[in-house]
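Summary of structural features
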Amino acid sequence: MKLKQFGLLTAASLALVACSNESDPVLGGEDNAPKKVVLKLEGISQGTKSTDGNTTDEGSKKHSVSLKDVAIFLYADGGVIYEAKEVGSSASEWNDIATTGITFDNVDPAVNKVMVIGNYDNLEINNIFGAATSLVNTKAADLLAETISLKSQNVSAQESDGQTTSTKAVMTLFGKTENNITDSDGDGIYEAAVSIKPIVSRLEVSKVSCKFVTPAGSGISQSATVEVNGIGLFDYYNTMTLGGTALTQLMDATKILEPGTSSASDGQYVFLGDAADWTWAYDKTESSDYSNTLQGDGSEKTVEMTKTAGGSATFAYNFFPVTSGSTIDGTLSDATDQVLANIRLRVKVTDGAESGKDYVVTTAFRNSAGQVVNPEPGKIYQFDYAFETTNIRDNWSDDEIKVNVTVTTVDWDIVAVTPSF
């Protein structure tokens, strides 16, 4: 009896093997053999000392973002991650990123896509992303749906020049192959070229100025004193998925509270307050670092706020853009009439008998043709915050009166940190 059962079991096993061999390609065929994949990142240049200045500086690298490390994920479209690797500037392969490429041997034949995340170490530290290798055998779609906080995209760190510190240093760069990787010349090597770019847009205010104009009715007089107390981001989304498909947590006047508010609930903060979790979103200008008092003299003139040292002030904030086909707080958007995240000023006006009253100024963004600007990831939007006394209002939650400013759009350069070995 035991022999008979053994024989039946053996026959069943042989039948299964036969079925398997019948439906699968011949061993060693193109679809069943391990792949060799060579990855090269496009648009990356190797950094050298003193090439990565402030964004407003002159020179070829004035709009550069630093690349300090990458995480590379090889995965199957609609499936799992088969291989993952982190490469930092101290690795021997770092110099190959933009030249010969990085080679992966014995790659599972199911792999047909490659995803690259630049400055991945920042996500591990500030968004509790796991080590890249810990994501092997997890779904690639889950990684693309991972939520990123805007705070993590406004971390101040050292740029690739080794000298300058700014929020351009560790923002997330992202890219993936749109089409399946292919062996274009039949040599058994699959080539993957990936372009990465920042997932955020960036606003840069190069200077702040006020034009004192003749008031309409009981408006602010031309001889008033306008004191700029602070500037910051407003009407922005606080979280976005890595793939950019969903944005949540709109931060508007219901979440960003007027300066002087005694307390804030969870998910709220006081503008220009002292909450450590939110100081990245604004800059106070009441300190001795700024000449922030703009004085009218009864004539129509423009007065500019300056830094007391180091020239004009540049205020910079990275933000998540709304793109076509993404969802905003669960609602599908076609990005039509989606304006940039706003920048808001807080000013104190002393006008005649008025001892000092707080006001607010909010921007509206246009291009040189006067059209509303729809933000795109990987773009810098630069402008001068030039407002008039007629733009000043005292209603914190009312955005009807806005300053129309013209923005200049600039693309990023991506500069890799010079290898340290």
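Calculation rules
Residues numbered from 1 in each chain as written. Predicted model: local features only at pLDDT ≥ 70, side-chain atom pairs only at ≥ 80, totals over all residues. Heavy atoms only, no water. Helix = DSSP H or I, 4+ residues; strand = E, 2+ residues; numbered from the N terminus. Buried < 20%, exposed > 50% of the residue type's maximum accessible area, 1.4 Å probe, protein only. Contact = heavy atoms within 4.5 Å. Pairing = 2+ DSSP bridges. Salt bridge = Lys/Arg side-chain N within 4 Å of Asp/Glu carboxyl O. Axes fitted to C-alpha atoms, helices over the stretch in contact; angles between N-to-C directions. Polar contact = N/O pair within 3.5 Å; in protein donor to acceptor, adjacent residues only side chain to side chain. Core = buried A, V, L, I, M, F, W, Y, C linked by side-chain atoms within 4.5 Å. Phe/Tyr/Trp six-rings, centres within 6.5 Å; stacked < 30°, edge-to-face > 60°. Lys NZ or Arg CZ within 6 Å of the ring centre and 35° of its normal. pLDDT = per-residue confidence, 0-100.

Structural notes on the overall build of the protein
- Across its full length, the protein carries three helices and 32 strands.
- Looking at the protein as a whole, 44% of its 421 residues are labelled buried.
- Sequence separation of 24 or more characterises 71% of the internal contacts of the protein that already satisfy a separation of 6 or more.

Looking at the pairing of strand E11 (residues 173–176)
- Both strand E7 (residues 113–118) and E11 contribute to a ladder of four bridges, which runs antiparallel. Looking across to E11, one finds that Gly118 is bridged to Leu173.
- Bridge count between E11 and strand E13 (residues 197–198): two bridges; the pairing is antiparallel. By the bridge assignment, Phe174 is partnered in E13 with Lys197.

Considerations on the pattern of salt bridges
- In total, this model carries 12 salt bridges according to the counting rule given.
- Residues Glu304 and Lys207 are paired through a salt bridge, measuring 3.8 Å at the closest nitrogen-oxygen approach. One end of the pair, Glu304, is in strand E23 (residues 301–307); the other, Lys207, is in strand E14 (residues 201–212), and 97 residues separate them in sequence.
- According to the relative accessible area criterion, Glu304 is partly exposed, its value standing at 32%.

Looking at the sheet that holds strand E1 (residues 35–42)
- Strand order in the open sheet formed by three strands is E6-E1-E12, and the pairing between neighbours is mixed. One side of each edge strand has no neighbouring strand; the edge strands of this open sheet are strand E6 (102–107) and strand E12 (189–195). Looking at each pair of strands side by side, their axes are set apart by 25° on average, direction ignored.
- Of the strand pairs in this sheet, E1 and E12 are connected by seven bridges, and their pairing is parallel. If you follow Val38 over to E12, its bridge partner there is Glu191.

Considering the side chain of Thr167
- Secondary-structure assignment places Thr167 in the loop between strand E10 (165–166) and E11.
- What makes Thr167 buried here is its relative accessible area of 15%.
- Here Arg202 takes part through its side chain, which lies 3.1 Å from a polar atom of the side chain of Thr167.
- Apart from residues lying up to four places away in sequence, Thr167 is in contact with Gln153, Asn154, Val155, Ser156, Arg202 and Asn318.

Observations concerning the pairing of E1
- Across four bridges, E1 lies against E6 in antiparallel orientation. Looking across to E6, one finds that Val38 is bridged to Thr103.

Here's the deal with the environment of Thr389
- Mapped onto the secondary structure, Thr389 falls in the loop between strand E29 (379–388) and strand E30 (402–406).
- A relative accessible area of 5% means that Thr389 is categorised as buried.
- When the C-alpha positions of Thr389 and Gly219 are compared, they lie 8.1 Å apart, and in sequence the two are 170 residues distant.
- Residues within four places of Thr389 in sequence aside, it is in contact with Cys210, Lys211, Phe212, Val213 and Ile220.
- Looking at Thr389, its side chain comes within polar contact range of the main-chain nitrogen of Val213, at 3.4 Å.

What to know about the sheet that holds strand E25 (residues 327–328)
- Reading across the sheet, the five strands line up as E8-E16-E17-E25-E26 and stay open at both edges, with mixed pairing between neighbours. This sheet does not close on itself; its edge strands, each paired only once, are strand E8 (147–149) and strand E26 (331–332).
- Two elements, E25 and E26, share two bridges in a ladder whose sense is antiparallel. From the neighbouring strand, Thr327 faces E26, where its bridge partner is Leu332.

Examining unusual backbone geometry
- Notably, Ile128 is not glycine yet its phi reads approximately 55°, a positive angle.
- Positive phi, close to 55°, is recorded for Asp235, a residue that is not glycine.
- Here Asp235 lies in the loop between strand E15 (225–234) and strand E16 (236–241).

What about the nonpolar core?
- Ranked by size, the top nonpolar core spans 107 residues in total, and within it Ile72, Phe73, Leu233, Tyr236, Ile343, Tyr385 and Phe387 carry the most contacts.
- Ranked by the residues each element gives to this core, the list is headed by strand E4 (residues 69–75), at six residues.
- Not counting chain neighbours up to four residues away, the residues in contact with Ile72 comprise Leu39, Glu83, Ala84, Lys85, Val87, Ile102, Phe104, Val114, Met115 and Val116.

Some points on the side chain of Asn112
- Tracing the backbone through its elements, the reader meets Asn112 in the loop between E6 and E7.
- Residue Asn112 is classed as buried on the basis of its relative accessible area of 17%.

So, the packing of aromatic side chains
- The final tally for this structure, using the stated rule, is 12 aromatic pairs.
- Taken together, Phe234, Tyr236, Tyr269, Phe271, Trp278, Trp280, Tyr282 and Trp396 form an aromatic cluster joined through their ring pairs.
- In this structure, Arg344 is placed above the aromatic ring of Trp396, and the distance from its NZ or CZ to the ring centre is 4.7 Å.

Concerning the confidence of the model for the protein
- With 84% of its residues at a pLDDT of 70 or more, the protein shows a mean pLDDT of 82.
- Confidence over residues 57–61 falls short of pLDDT 50; this stretch has eight contacts with residues more than four positions distant or in other chains.

Focus: the environment of Phe383
- With respect to the secondary-structure elements, Phe383 resides in strand E29.
- Along the chain, Phe383 and Thr314 lie 69 residues apart, while their C-alpha atoms are 10.0 Å from each other.

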